[in-house]
Amino acid sequence: MGLFSLVLHLVLISVQSSGAQEDPLLPFSEHLDPEQKVQLKWGFDEIQGTILFELTVNTSGWIGFGFSPNGGMTGADIVIGGVGPNGNYFSDRHAVGNSMPVVDQQQNYKLLSLSEFDGKTVMKFQRSMETCDEDDLPITTLPIKLIYAYGQTDDITYHRNRRGTKEVNLLKYIPQVTPPDSRYFDMIMVNFTVPSKQTYYHCKIMTAPTFNQKQHIYRIEPIIKNLDLVHHMVLYRCPLSVTEPYETQCYKEDKIEKCMEVVAVWGVGGGAFEFPEVAGFPIGGNVSTYFYRLEMHYNNPNKIAGRVDSSGLRFYYTSELRQHDAAALMTGLAVTPGYAIPPLAKSFLTYGLCDTTLIPQVLSETPQDLQVFAVMLHTHLAGRKVRVGHFRNGKQIDLLAVNEQYNFEYQEMVNLGKTKTVKLGDELLVQCTYNTEDRTTLTWGGLSTTEEMCLAFLYYYPAMSLSGCQSFPDLLALRAEIGATNYFNWFYMRSTWDDTSINEYQQALKTINQKVIVSNSYQMDSYKFGMIPDLQVTRPSVPCSRNSCTTARLAWISLLVCLMVQLASF
């Protein structure tokens, strides 16, 4: 091999290796066999209903992969492909027994690439999570048995020891590999007596353990001592000006409000959250002197006195550093007095706009695009839907996250299934839908459970010194739009609300200027005015579900039986 060929060979290996680590569409990875000769990478898009796979096998022969009801061949949904002497081959099949899988009449797998290099075969392909083909198995949020097989040549024959199965939850994946030096620390309230108030926010400023060298937090899980009291928790990192521990009611003193850079978020009903393999939250080394503020929202509707709580968060960390430092960004509608949701509304919308053109203006470091990999959506009791639209050059290009069936009792950090790039200059719109048909008075925006919020916490990398990117309606413009000399009095003077008045107020909120504010970790803000763009729910139309397929077939059978009975009666 010549020098040029050797260099080109090494470059190709380097590009393939780094590309595999960095591919934002394939954030998850599992070896399916003990010898680590079969590697599966995948990513998915729940909004579009698609899932992407890349299968790499140490062979120059055929490779097969599929889903099985019980881990065996019978009833399995399979794809087989390879690079043969006459070119690439690839097909969607199903197994009716321990024999050659049958080619499906409907080919629902789309081959994207197929290559053979350095003794390995790499096959990248895509399918819908639900194809509604009776020969395919649906991919759901439940674990599924994956099967694989491969040959040493392109002659597809019985594979003996070159096969296996592994159960994986593709859509709710949590890596099972724990770093050998994994440790954890807790940041908790300690024997705090919860006041006999319906809603109470308690804040505790404290230090984390100190480390001489930087560590990466790779897993965060809640420690809940009173499930009926703890509604949500947020851990913020404080600026360097905060140098002492402190504990008090939240949002009553300036020293508490200085700490606003989000580190971790947990909501009622949520569980542990694991970072992707390429990112971790940094702690220690040059960041070991930071203080942190744990904000605990206690919801005590029965106003019971004397309850003691020691809830908080547990952080697992490792010295085996990931490729990127991760961070969190709070987006949405700023939580500040001034907006209200009318009563008797079937579907009322609020909006929070994030304009990333402001980010370079508040950073001392070089600003970069945000690689968003997870999100937590948050409203209170009246919330029914939350959508996060992604806009570029004034046009919607994606839905970053969507929850069409928002449940106040089940809030969790959700992995997006693939890393989505938010370029500097893009806009994000957080849109919340509320139902107040059971309320007769105004619902104000605020901290209480009976008040409302509209937030989306985004986890991204590489980390930047950011705390928030939010907006709030321009109240002067709103006052002019609704023809009120005093905005707050206008609300209270309205004795009745009906569909007409609700819609008029809704349109006023949608069409007026919004004050967009981006804040860094040190309470430095930059702002501009912007307009709310139109958000389209660009979800693909699914022709049917597996249940509806079955239901349709049963309906036709029932109809035929009915017709036969009627004909027999003549």
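Rules and cut-offs
- Residues numbered from 1 in each chain as written.
- Predicted model: local features only at pLDDT ≥ 70, side-chain atom pairs only at ≥ 80, totals over all residues.
- Heavy atoms only, no water.
- Pairing = 2+ DSSP bridges.
- Helix = DSSP H or I, 4+ residues; strand = E, 2+ residues; numbered from the N terminus.
- Axes fitted to C-alpha atoms, helices over the stretch in contact; angles between N-to-C directions.
- Salt bridge = Lys/Arg side-chain N within 4 Å of Asp/Glu carboxyl O.
- Polar contact = N/O pair within 3.5 Å; in protein donor to acceptor, adjacent residues only side chain to side chain.
- Disulfide = S-S within 2.5 Å.
- Buried < 20%, exposed > 50% of the residue type's maximum accessible area, 1.4 Å probe, protein only.
- pLDDT = per-residue confidence, 0-100.
- Contact = heavy atoms within 4.5 Å.
- Phe/Tyr/Trp six-rings, centres within 6.5 Å; stacked < 30°, edge-to-face > 60°.
- Core = buried A, V, L, I, M, F, W, Y, C linked by side-chain atoms within 4.5 Å.
- Lys, Arg positive; Asp, Glu negative; His and termini not counted.
- Expected span 1.5 Å × (residues − 1).

Peer 1: Before we move on, can you summarise the sheet that holds strand β18 (residues 261-267) with the specific residues and values?
Peer 2: By definition, the strands of a sheet pair up through backbone hydrogen bonds, in either a parallel or an antiparallel sense. The five strands are arranged β17-β14-β21-β16-β18 in an open sheet whose pairing can be described as antiparallel. Here the strands that pair on one side only, and so sit at the sheet edges, are β17 (246-249) and β18. Within the sheet, the average angular offset between the axes of one strand and its neighbour, ignoring direction, is 15°. Judged from the six bridges that link them, strand β16 (residues 230-237) and β18 form a sheet pairing that is antiparallel.

Peer 1: Can you tell me about the environment of K41, naming the residues and giving the values?
Peer 2: For K41, the location among the structural elements is in strand β2 (residues 38-45). C-alpha separation for the pair K41 and L52, spaced eleven residues apart in sequence, amounts to 8.3 Å.

Peer 1: Outline the pattern of salt bridges, supporting the account with residue identities and numerical values.
Peer 2: Under the defined criterion, the tally for this structure stands at 21 salt bridges. Among the ionic pairs, K145 bridges to E167, the shortest N-O distance being 3.1 Å. Taken together, the residues span a long stretch of sequence, with K145 in strand β10 (residues 144-150) and E167 in strand β11 (residues 163-168) at a distance of 22 residues. D398 is the salt-bridge partner of K420, the closest N and O atoms lying 3.3 Å from each other. One end of the pair, K420, is in strand β31 (residues 414-422); the other, D398, is in strand β30 (residues 395-403), with 22 residues separating them in the sequence.

Peer 1: Describe helix α4 (residues 475-482), and please don't skip the residues or the numbers.
Peer 2: A side-chain oxygen of the first residue of α4 lies 3.1 Å from the backbone nitrogen of L476; this N-cap is D474. G483 lies just past α4 and shows a positive phi near 70°.

Peer 1: Can you tell me about the state of the cysteines, naming the residues and giving the values?
Peer 2: Following the criterion strictly, the structure yields four disulfides and no others. The disulfide bridge from C203 ends at C250, spanning 1.9 Å between sulfur atoms. Measuring the twist about the S-S bond at about 110°, one finds the C203-C250 disulfide to be right-handed. Taken as a pair, C203 in strand β14 (residues 199-207) and C250 in the loop between β17 and α2 (254-257) lie far apart in primary sequence, 47 residues in all. The pair C203 / C250 is uniform in exposure class, with both members buried. The residue that forms a disulfide with C432 is C454, at a sulfur-sulfur distance of 2.1 Å. Between C432 and C454, the S-S dihedral sits near 90°, and the bridge is therefore right-handed. Taken together, the positions of C432 in strand β32 (residues 427-434) and C454 in strand β34 (residues 454-461) put the pair 22 residues apart, joining distant regions of the chain. Of the two residues examined, C432 and C454, each falls in the buried class.

Peer 1: Quick rundown of the confidence of the model for the chain? Include the residues and the values.
Peer 2: The predicted model of the chain has a mean per-residue pLDDT of 87, with 89% of residues at 70 or higher. Mean pLDDT in the chain bottoms out at helix α7 (residues 546-569), which sits at 39, and peaks at β32, which reaches 98. Per-residue pLDDT stays below 50 along residues 1-20; that stretch engages in seven contacts with residues further than four places along the chain or on separate chains.

Peer 1: Describe the packing of aromatic side chains, and please don't skip the residues or the numbers.
Peer 2: Aromatic ring pairs are reported here in terms of the distance separating the ring centres and the angle at which the planes meet. Enumeration according to the criterion identifies 29 aromatic pairs in this entry. Centroid distance F185 to Y317: 5.9 Å. Interplanar angle 45°. Geometry classified as tilted. Linking F185 in strand β12 (residues 183-188) with Y317 in strand β23 (residues 312-318), this pair joins segments that are 132 residues apart in sequence. For the pair F185 and Y317, a shared accessibility class is recorded, and that class is buried. Taken together, the aromatic side chains of F53, F65, F67, F90, Y109 and F125 make up a single cluster linked through ring pairs.

Peer 1: An account of the sheet that holds β32 is requested, with residue identities and associated values reported.
Peer 2: On the basis of which strands lie adjacent, the open sheet formed by four strands has the order β27-β32-β29-β30 and antiparallel pairing. The two strands at the open ends of the sheet, each matched to only one other strand, are β27 (348-355) and β30. Direction aside, neighbouring strands of the sheet carry axes that sit 20° apart on average. Across eight bridges, strand β29 (residues 383-392) lies against β32 in antiparallel orientation.

Peer 1: I'd like a rundown of the nonpolar core, residues and numbers included.
Peer 2: In this structure, L370, V372, Y460, L466, L478, F491 and Y505 are the most contacted members of the largest nonpolar core, which totals 63 residues. Among the nonpolar cores identified, the runner-up in size contains 58 residues, and M206, I283, M330 and Y459 belong to it.

Peer 1: Please set out the side chain of R439 residue by residue, giving values where relevant.
Peer 2: Following the sequence through the fold, R439 ends up in the loop between β32 and β33 (443-444). Although R439 is buried, it forms no salt bridge, and the closest oppositely charged side chain is D438 at an N-O distance of 4.2 Å. Within the structure, the side chain of R439 is placed 3.3 Å from the backbone oxygen of T450, a separation counted as a polar contact.

Peer 1: Now, about helix α6 (residues 499-511): what can you tell me, with residues and values included?
Peer 2: Over its 13 residues, α6 extends 18 Å from the first C-alpha to the last, a length consistent with the 18 Å expected when each residue adds 1.5 Å. Restricting attention to buried positions, one finds in α6 the residues S501, I502, Y505, Q506, A508, L509 and K510. Two or three places before T500, at the start of α6, stands the capping residue D498, its side-chain oxygen 3.1 Å from that residue's backbone nitrogen.

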